[in-house]
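Inside the fold
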Amino acid sequence: MNGTVAAYPPDRNWPLVAAGAVLGCVGVGVIFALAVLLGPMSAATGWSRGALSSAMTLAFLSMGVGGFAWGALSDRVGPRKVVLVGALLLGLACVLASRSANLWQFRLTYGVLMGIAVSSFFAPVIAATASSFEKRRNIAISLVSAGVGVAPMTMSPLVAWLVSHYDWRQTLLIVGLVAWALTLPAVWFVRASPIAEPASADGAADSTVANAGQALRSRAFIVLAVTYFACCAAHSGPIFHTVSYAVGCGLAVTTAVTIYSMEGAAGLGGRILFGLLADRLGAKPVLVAGLLIQAVAAASYLGVNQLDGFYAVAIVFGMAYGGTMPLYASLAREAFSPQILGLVLGAAGMLSALGMALGPLLGGWLYDRYGSYTWMYVGSMAVGLGAAAIAVWFPSKRKPRRPEALRPVLQQ
């Protein structure tokens, strides 16, 4: 080896990245189709919008639980089989939902079944991606995650066009067929190509946790999961309530909605930017910086009341929360073996889903209690700063020492 460390195999699994982006786009796009269908469905069925929206809540709760189960299963049978089942269930959920005769059937199919289906696209695919890349791991994970950001710009307009030409049942049936047409071919490219871990000084693989029980009790997992939970709890409240806050500042509803769109577009750019920075600087420092920016940006909404100010804050806030989200998978790969990475990401993702559910709930409670959103934004900043502080405790990756650096020790 002439005194040098063997190079990692080249990063070649880019078809997996493209497939993961397609799966994420379609899965999230189908779930959020309900936002487009809400009015037409309520008018056609007489079901209240609140009752229909409960299907979305069930979908996210099911995604949290399903992600843990699918992640653990993918470690045993591989990601492709898991994603194949999920793709089949996704189209089936749409077809069955289109045939719902009453509300409970719709909640079961569009909520529970669809949430379980979509959750199969995240932990298994992200784990496979994190295991298949070394030099460009962060940008690869970010590109997979970018599919989620593209969903509002692709699937939502499609659903809007369909519902303007067909009733909601026909629209859901067509969406199910489109979901099958896009996701089933993508399954073929979902294959893990784990890169061998570098050897340490004693010839053993570099220090990563390979035992599932030990992993879930480790400092790395606890820090990762708590940070992920706090990060999502910090940004979910502002994401959900900022439109209402902007309307309270005097903006029209149609104008205020564009703030949410601006956040989403900025989040897409943030995923790419933070991924590139993390490949150069490391995932941990970029994550900590992103969490700090997210916390300050959340509170900055209190300082604006005009559209241009809202847009400026939305760009920074969206880039920060969008950019930080993919970095958790990269940190997990640094600490845990590819053989249990699906389980780890699924468990952490379950806690992040709870954080996403908690933020809007607390934001609404604080508004009802105090008559303003001030404490929600202040609380989001505090939780965000806490997330950054917790992330600092994530154990830093220890790089293997070069052979020439070991020679004086070995010669003693």
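If you check an unreviewed UniProt entry, the protein appears there as MFS transporter from Lysobacter auxotrophicus.

A few words on the side chain of His235. Residue placement: His235 occurs in helix H10 (residues 219-248). Of the residues examined, His235 reaches a relative accessible area of 2% and is grouped as buried. One polar contact links His235 to Gln294, side chain to side chain, over a distance of 3.1 Å. Excluding its chain neighbours within four sequence positions, the residues that come into contact with His235 are Gln294, Phe317, Tyr321, Met325 and Met356.

Taken together, the side chains of Leu58, Leu61, Leu351 and Leu354 make up a nonpolar region of the molecular surface, amounting to roughly 300 Å² of accessible area. Within the residue set of the nonpolar patch, elements represented by two or more residues are helix H3 (49-77) and helix H15 (341-370). Its place among the elements puts Leu58 in helix H3. On the accessibility criterion, Leu58 (30% relative accessible area) is partly exposed.

Attention now moves to the packing of helix H1 (residues 14-31) against helix H6 (residues 123-132). Interaxial distance between H1 and H6 falls to 10 Å at its minimum, and their mutual angle equals 160 degrees. By the angle between their directions, the pair H1 and H6 is classed as roughly antiparallel. Relative to H6, H1 is oriented so that their crossing is left-handed. Residue-level contacts link Leu16, Val17, Gly20 and Leu23 of H1 to Val125, Ala128, Thr129 and Ser132 of H6. When grouped by side-chain class, the residues that make up the contact of H1 with H6 number five nonpolar, three polar and no charged.

A separate point is the environment of Leu61. Checked against the element boundaries, Leu61 lands in helix H3. We classify Leu61 as partly exposed; its relative accessible area is 44%.

Moving on: the confidence of the model for the protein. Mean pLDDT over the protein stands at 85; residues scoring 70 or higher make up 89%. The low-confidence segment residues 199-206 (pLDDT under 50) makes twelve contacts with residues lying over four places distant or belonging to another chain. Predicted confidence for residues 399-412 stays below pLDDT 50, and this span has 14 contacts to residues more than four positions away or in other chains.

On to the packing of aromatic side chains, then. Considering all chains together, one arrives at 15 aromatic pairs under this definition. Each ring, one from Tyr301 and one from Tyr377, has its centre 5.6 Å from the other, and the planes form 40 degrees; the classification is tilted. Taken as a pair, Tyr301 in the loop between helix H12 (283-300) and helix H13 (307-324) and Tyr377 in helix H16 (residues 374-391) lie far apart in primary sequence, 76 residues in all. Residue Tyr301 shares its accessibility class with Tyr377, and that shared class is buried. Counting every residue linked through ring pairs, the aromatic cluster contains Tyr245, Tyr301, Phe310, Phe317, Tyr321, Tyr367, Tyr373 and Tyr377. Over the ring of Trp188 we find Arg80, and its NZ or CZ is 4.9 Å from the ring centre.

The full count for this structure, using the stated rule, is one salt bridge. A salt bridge links Arg137 to Glu134; its shortest N-O distance comes to 2.7 Å. When its relative accessible area of 5% is taken as the criterion, Arg137 is described as buried.

Right, let's get into the packing of H10 against H15. At a closest axis distance of 7 Å, the pairing of H10 and H15 adopts a crossing angle of 35 degrees. The interaxial crossing formed by H10 with H15 has right-handed handedness. A breakdown of the residues in the contact of H10 with H15 according to their chemical character gives 16 nonpolar, ten polar and no charged.

Let us now look at the environment of Gln105. Structurally, the position occupied by Gln105 is in helix H5 (residues 103-119). Note on Gln105: relative accessible area 24%, which makes it partly exposed.

What counts, and where the lines are drawn
- Residues numbered from 1 in each chain as written.
- Predicted model: local features only at pLDDT ≥ 70, side-chain atom pairs only at ≥ 80, totals over all residues.
- Heavy atoms only, no water.
- Helix = DSSP H or I, 4+ residues; strand = E, 2+ residues; numbered from the N terminus.
- Buried < 20%, exposed > 50% of the residue type's maximum accessible area, 1.4 Å probe, protein only.
- Polar contact = N/O pair within 3.5 Å; in protein donor to acceptor, adjacent residues only side chain to side chain.
- Contact = heavy atoms within 4.5 Å.
- Patch = residues over 30% accessible without salt bridge, like charges linked within 9 Å, V, L, I, M, F, W, Y side chains within 5 Å.
- Areas by Shrake-Rupley, 256 points an atom, 1.4 Å probe, with all protein chains shown as cover.
- Salt bridge = Lys/Arg side-chain N within 4 Å of Asp/Glu carboxyl O.
- Axes fitted to C-alpha atoms, helices over the stretch in contact; angles between N-to-C directions.
- Parallel < 35°, antiparallel > 145°, perpendicular 65-115°, else oblique.
- Left-handed = near helix turned anticlockwise from the far one by under 90°.
- Nonpolar A, V, L, I, M, F, W, Y, C, P; charged D, E, K, R; others polar.
- pLDDT = per-residue confidence, 0-100.
- Phe/Tyr/Trp six-rings, centres within 6.5 Å; stacked < 30°, edge-to-face > 60°.
- Lys NZ or Arg CZ within 6 Å of the ring centre and 35° of its normal.

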